[in-house]
Amino acid sequence: MSQIILIAIFLLGLKSVHAMDIGTHDMLIEKIESGLQADQTPQIRLRLADLLSDRARLKALQENEKSCNNCHKSREDRTQALGLYLGIFDNLNGKEQLHSFEQIAQSYTVLNQKTNANRFYKKVINGKYSRTLKAQAHLKNADQLFFDHKYEVAYQDYKKAISLDSTTKFPLTRYRMAWCEFNQGQFEIAKRNLGAILESKEAIDSSLRSGMTGDYARFSAKGAIGRYQIQKLHQLSSQEEAKGNVELLANELDRLGRAHENILVNHYLLEVFETDPLEKAKAYLRLAQAELSLKRLSSVVVSFKKSTEFQKKVNCEKVKVGGCEDFNSKAKKFLVFWNQVEKDKPSAQLHQVWVLYLKLFPLDHEMHFMAAKSFHKGKNLTLAQTHYIQSAEIIHKQETKEMRRHLEASLDAAMACAEEIKQIEMKRVAYSSYLKLYPSGPKVLHAKYQIGFLDYQEKKYSSALQTFTQMIGEFKKAPQVKDSRQIAYKASHLILDIHAEAKDNKNLMSHALAFSQLFKAEQNEFNTIYRKALLNETVAVLKSKKPQQSWKEDLLNKYHVLNFKGVEKTEKSSLLEARLQLAKSLQNLDEVQQTAVLIIGQKDLMDSTRQLGFTEAVWAAEMKLNFGKAYEYAKMQKARSQDRNIADHLRLGLLAEMAGRNPKTHFEAALNNTRGTLESNRLRAKIVQTSPIPWKELVDRLGELRKSPLLLSELAMETFARYTNFIGARKVLDHWSVAKKPSGVRLQRQIDMPELKSLAQKIRPHQISKSSESRSQKDLVVRLDYINQIEEQTNKAVSRQDLVIQVAGLSLLSEQKSRLARELLQMPKPSGLQANEIAEYQKMLTNKAQQMDQEAKGIQEKVEHFWAQGTLVKQLRASMSEASYNLQKIIAGEVEFLKTFSMKKHHRLLADIGKIRAPDQKALQSSYAKLKAKPFDAKATRDVYEQEKAHNRTTQMAYYKHRLENLEKRILP
């Protein structure tokens with residue numbers, strides 16, 4: 001024997017197999033398996049099989065805890081062990097062989113291999129084995145046959161096992177043999193043998209004895225029953241189980257229909273034992289059943305009443321599981337059986353029991369229905385209707401097909417009862433219950449109409465209207481129901497009559513439309529009513545000061561489904577105009593456009609309606625910023641109109657300009673029809689502003705434009721800011737009335753500034769020679785001429801009230817006079833003069849220089865006054881804040897011009913004025929995107945206006961300013 005196997009055997013000797021954990025099993029199995037090649041004796045393989053079998057047991061326990069199927073592979077260990085046992089079975093001695101037999105039988109049972117087990121048992125029975133082993137084989141085979149319900153064959157195997165080995169005749173074997181006898185119809189023998197086991201003094205497990213006494217009660221129910229038999233069952237049972245076994249006997253007798261014996265046992269139970277309310281309730285129920293079998297109907301009522309009284313005292317939450325359920329089930333079966341017996345002619349006693357039962361079990365819809373049918377048969381219509389409705393109330397929320405069938409049957413029967421008795425209140429209850437509990441039932445229209453008609457007759461118009469309206473809805477769900485159309489049509493007319501009486505156009509319209517769809521044959525009739533109500537309601541809503549927005553939207557949606565077939569021209573025009581006005585009041589631009597296009601495309605409308613369609617199509621496109629589309633609609637409208645007024649041309653010109661197209665043709669057409677000078681010149685200005693060659697257009701139209709000097713001056717300045725043109729500017733300024741206007745002054749300034757700057761560039765570097773008297777005199781004449789030119793420029797600026805040129809000229813004049821005063825004192829003396837003449841000459845120069853210096857100081861004081869007063873700076877700043885981008889550049893140039901002539905201390909006053917606010921293209925695009933998303937938003941409109949103002953697009957500025965004003969006044973453009 002190998003050393004490893006010896007160690008394993010030694011370890012096995014130290015510790016019981018069943019006391020080891022799986023880890024120890026694993027170690028020992030591994031050691032034995034590794035040593036099997038060296039030693040394969042049956043005893044070593046037997047030890048291995050035992051270890052595998054026990055490890056399978058441990059794994060199976062773990063699998064049960066985890067509720068998994070063979071997750072630890074217990075079956076593999078069990079199968080391997082079984083193979084080892086079978087392989088060594090014939091090579092083992094008696095004790096080992098008996099041990100292996102038990103292990104093999106257990107493995108076959110666990111692995112559910114009945115066929116293999118049966119084959120193995122037959123091998124042992126028919127082989128050369130000991131009587132003890134064969135007895136065990138017969139016993140195991142008998143057990144297998146017993147659980148397969150093959151009682152006769154199993155009984156024979158049990159007998160053979162006992163004959164071979166009397167030790168197998170233990171109580172469990174004889175107990176199963178008694179069951180075999182019972183199942184073969186040998187009831188008395190089975191009872192006698194089972195009683196003998198119970199009366200013997202053998203040690204029997206308490207749970208097994210409990211099962212035996214219960215089965216003794218079952219066996220007893222098949223034989224004669226008297227007080228002696230009941231007492232014997234009582235004596236054989238333990239004190240704890242005696243009452244339960246007697247009750248079990250009573251139940252068996254009840255099941256077998258042995259009425260007299262059942263009464264005897266139940267009375268014994270109630271007399272001898274102390275019973276709780278549930279046990280008493282069950283006992284009296286059994287008595288009622290037995291008495292019914294004996295046709296003692298009065299006694300049945302008495303027993304059943306006692307049964308229900310005791311059951312009411314039971315706290316079902318505290319009794320063991322199934323206690324109350326068992327009673328409930330048996331009580332129901334009892335009453336169902338009795339009802340079936342008296343199906344056609346129910347007795348008064350049956351009705352009494354029905355009342356008792358339904359008080360105890362008020363939620364059983366089947367029993368309510370069954371009771372109602374019984375009451376109905378007995379002509380108790382009021383009670384029958386009550387229970388039909390109670391049945392329906394219990395099941396109405398259950399949506400299964402079977403429950404709907406029960407619900408329908410209950411409610412139909414309730415209505416039938418009401419109609420049989422012909423009582424108004426019963427009818428109302430029946431019809432109301434049908435509607436409440438079965439709103440989708442096939443007779444819902446009938447029920448609703450009947451209730452509604454009752455209300456209508458009693459002048460309960462509100463409830464009648466509600467009923468008829470609901471009834472129409474149900475008809476739509478089930479139009480196939482017999483007579484449903486006729487009933488619904490009548491209900492529809494009653495509904496319209498009620499609304500007409502109340503002058504409720506809103507509801508009249510709603511129902512008329514619904515009925516026109518519901519009753520196709522009468523559609524024209526209902527459509528006419530609907531259209532009239534819709535138009536009236538729309539007019540009322542548009543006139544209302546605070547109409548509900550949601551209702552306006554609903555009204556608009558209703559126009560979408562209008563059917564104009566057969567509608568005459570005037571009505572159709574009125575309806576489409578109303579729809580258009582509704583859409584506009586809702587600010588639904590898509591709907592306005594859709595309706596307007598629909599109107600434009602219709603030929604059979606009033607001319608005024610079609611013109612309105614064009615007008616609103618243009619408006620919707622404008623509000624959506626689709627000016628190209630608006631322009632196209634406006635042109636189409638003008639082409640279809642016989643009128644040729646100025647407003648149309650101006651409108652087309654505006655839309656063309658907004659759409660980025662050349663509007664000149666439209667403005668020229670308007671100009672040809674305009675008589676007023678200012679109005680005509682404004683059109684000419686528009687042509688100039690939108691022209692790609694504005695100066696040419698302006699100069700060509702100067703003759704007429706000069707008649708509006710303010711307009712011309714502003715137009716010229718604006719054009720100059722865009723395109724510098726001194727020639728064109730001088731032509732405009734030739735007219736004094738233009739030149740004196742603020743914009744004319746500024747335009748003249750643009751001409752004067754270069755000239756004054758040129759004088760400054762000439763005079764500042766000019767020097768008076770000191771080399772000779774003649775040379776210095778010539779230079780002095782030139783200098784004085786420059787000064788005179790500056791004075792002349794300055795005086796002109798003063799006459800025009802041009803502060804910019806005036807301040808610049810005075811600053812330059814002060815500067816140069818002060819400079820000349822200094823230079824006069826440095827001029828060379830004339831030659832050939834006497835001393836006194838030289839003194840006189842020097843005095844004259846000094847006086848002249850002082851005079852010149854005083855003039856310079858006086859001019860400088862005036863300049864300082866201008867700066868201190870701040871008028872110039874305020875004017876420049878105000879002009880800059882309101883100026884367009886192009887004009888900002890002009891003003892910035894004026895600021896830089898001033899800086900060239902002013903002192904540095906004045907520069908800081910001008911520092912922030914010359915900053916040009918360049919138009920932001922991205923901001924413009926962003927503001928347009930926001931306005932497109934919210935076309936009626938005042939803030940978004942204002943943002944676009946401000947952006948257009950920054951870009952100096954006057955047409956767009958005017959357009960959005962007008963649009964903004966309308967929005968702020970809550971006026972739709």
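Model, not experiment: these values are computed from the prediction.

A. Looking closely at the nonpolar core. Core analysis: the largest hydrophobic core is formed by 90 residues, its most contacted members being Phe468 and Tyr960. Beyond its immediate sequence surroundings of up to four residues, Phe468 is in contact with Tyr449, Gly452, Phe453, Tyr456, Ala491, Leu494 and Ile495. Ranked by size, the runner-up nonpolar core spans 42 residues in total, among them Leu759, Val807, Ala849 and Ala883.

B. Broad picture of the environment of Trp551. On the secondary structure map, Trp551 appears in helix 28 (residues 549-560). What makes Trp551 buried here is its relative accessible area of 12%. Residues Trp551 and Lys379, spaced 172 residues apart in sequence, show a C-alpha to C-alpha distance of 55 Å.

C. Spotlight on helix 10 (residues 187-199). Taking 1.5 Å as the rise per residue, helix 10 with 13 residues should run 18 Å; its terminal C-alpha atoms sit 18 Å apart, in good agreement. At its buried positions, helix 10 is contacted by helix 9 (171-183), helix 11 (206-220) and helix 12 (227-236).

D. The arrangement of unusual backbone geometry in detail. We note that Ser67 has phi near 55°; this positive angle belongs to a residue other than glycine. One non-glycine residue, Asn70, adopts positive backbone phi at about 60°. By the secondary structure assignment, Asn70 is in the loop between helix 3 (42-66) and helix 4 (74-88).

E. Representation of the state of the cysteines within the structure. Counted according to the given criterion, the structure contains two disulfides. A sulfur-sulfur distance of 2.0 Å marks the disulfide that ties Cys316 to Cys324. With the S-S dihedral at roughly -95°, the linkage between Cys316 and Cys324 falls on the left-handed side. Judged by its relative accessible area of 37%, Cys316 is partly exposed.

F. Up close: the packing of aromatic side chains. Within this structure, the stated rule accounts for 34 aromatic pairs. Each ring, one from Trp179 and one from Phe182, has its centre 5.4 Å from the other, and the planes form 80°; the classification is edge-to-face. On the criterion of helical spacing, the pair formed by Trp179 and Phe182 is a turn pair, its members being three residues apart in helix 9. Residue Phe182 is classed as buried on the basis of its relative accessible area of 11%. Pairing Trp179 with Phe219 gives two aromatic rings, centres 4.9 Å apart and planes at 80°, and the pair type is edge-to-face. Within this pair, whereas Trp179 is found in helix 9, its partner Phe219 is found in helix 11, the two being separated by 40 residues in sequence.

G. Structural detail: the pattern of salt bridges. Evaluated as defined, the whole model comprises 56 salt bridges. Measuring nitrogen to oxygen at the nearest pair gives 3.1 Å for the salt bridge that ties Glu616 to Lys584. Remark: Lys584 occurs in helix 29 (residues 569-585) and Glu616 occurs in helix 31 (residues 607-623); sequence separation between them is 32 residues. Taken individually, Glu616 and Lys584 each receive the classification buried, so the pair is uniform in this respect. Each member of the salt-bridge network shares a partner with another, and the members are Arg428, Asp455, Glu458 and Lys460.

H. Region of the structure containing the packing of helix 38 (residues 709-722) against helix 41 (residues 742-763). Two elements in contact, helix 38 and helix 41, have axes whose closest approach is 8 Å; the angle formed by their N-to-C orientations is 40°. Crossing of helix 38 against helix 41: the hand is left-handed. Along the contact surface, helix 38 presents Ser713, Glu714, Ala716, Met717 and Phe720, while helix 41 presents Ser743, Gly744, Arg746, Leu747 and Gln750. Tallied by class, residues from the contact of helix 38 with helix 41 come to four nonpolar, four polar and two charged.

I. Summary view of the confidence of the model for the protein. When pLDDT is averaged along the protein, the result is 85; 97% of the residues meet or exceed 70. The low-confidence segment residues 1-15 (pLDDT under 50) makes 24 contacts with residues lying over four places distant or belonging to another chain.

J. Layout of the layout of surface pockets. Considered as a void within the structure, the largest pocket measures approximately 1700 Å³ in volume. If you go around the largest pocket, you meet 49 residues; those closest to its centre are Gln689, Glu714, Glu718, Thr954 and Met957. The leading source of residues in the lining of the largest pocket is helix 50 (residues 954-968), at nine residues. Class assignment for the residues of the lining of the largest pocket results in 22 nonpolar, twelve polar and 15 charged. Of the pockets and cavities examined, the second largest pocket occupies roughly 350 Å³. Contributing to the lining of the second largest pocket are 18 residues, with Asp254, Arg255, Gln289, Lys333 and Phe334 lying nearest its centre. Elements that contribute at least two residues to the lining of the second largest pocket include exactly helix 13 (242-256), helix 14 (259-272), helix 15 (277-293) and helix 17 (323-341). The greatest single-element share of the lining of the second largest pocket, amounting to six residues, is contributed by helix 17. Split into classes, the residues belonging to the lining of the second largest pocket amount to six nonpolar, six polar and six charged.

The rules behind each value
Residues numbered from 1 in each chain as written. Predicted model: local features only at pLDDT ≥ 70, side-chain atom pairs only at ≥ 80, totals over all residues. Heavy atoms only, no water. Core = buried A, V, L, I, M, F, W, Y, C linked by side-chain atoms within 4.5 Å. Buried < 20%, exposed > 50% of the residue type's maximum accessible area, 1.4 Å probe, protein only. Contact = heavy atoms within 4.5 Å. Helix = DSSP H or I, 4+ residues; strand = E, 2+ residues; numbered from the N terminus. Expected span 1.5 Å × (residues − 1). Disulfide = S-S within 2.5 Å. Phe/Tyr/Trp six-rings, centres within 6.5 Å; stacked < 30°, edge-to-face > 60°. Salt bridge = Lys/Arg side-chain N within 4 Å of Asp/Glu carboxyl O. Axes fitted to C-alpha atoms, helices over the stretch in contact; angles between N-to-C directions. Left-handed = near helix turned anticlockwise from the far one by under 90°. Nonpolar A, V, L, I, M, F, W, Y, C, P; charged D, E, K, R; others polar. pLDDT = per-residue confidence, 0-100. 1 Å grid on protein atoms, 1.4 Å probe; cavity = no way out; pocket = protein on both sides within 12 Å on 5 of 7 lines; lining within 4 Å. Points joined across faces, edges and corners; volume = space filled by probe spheres on them.

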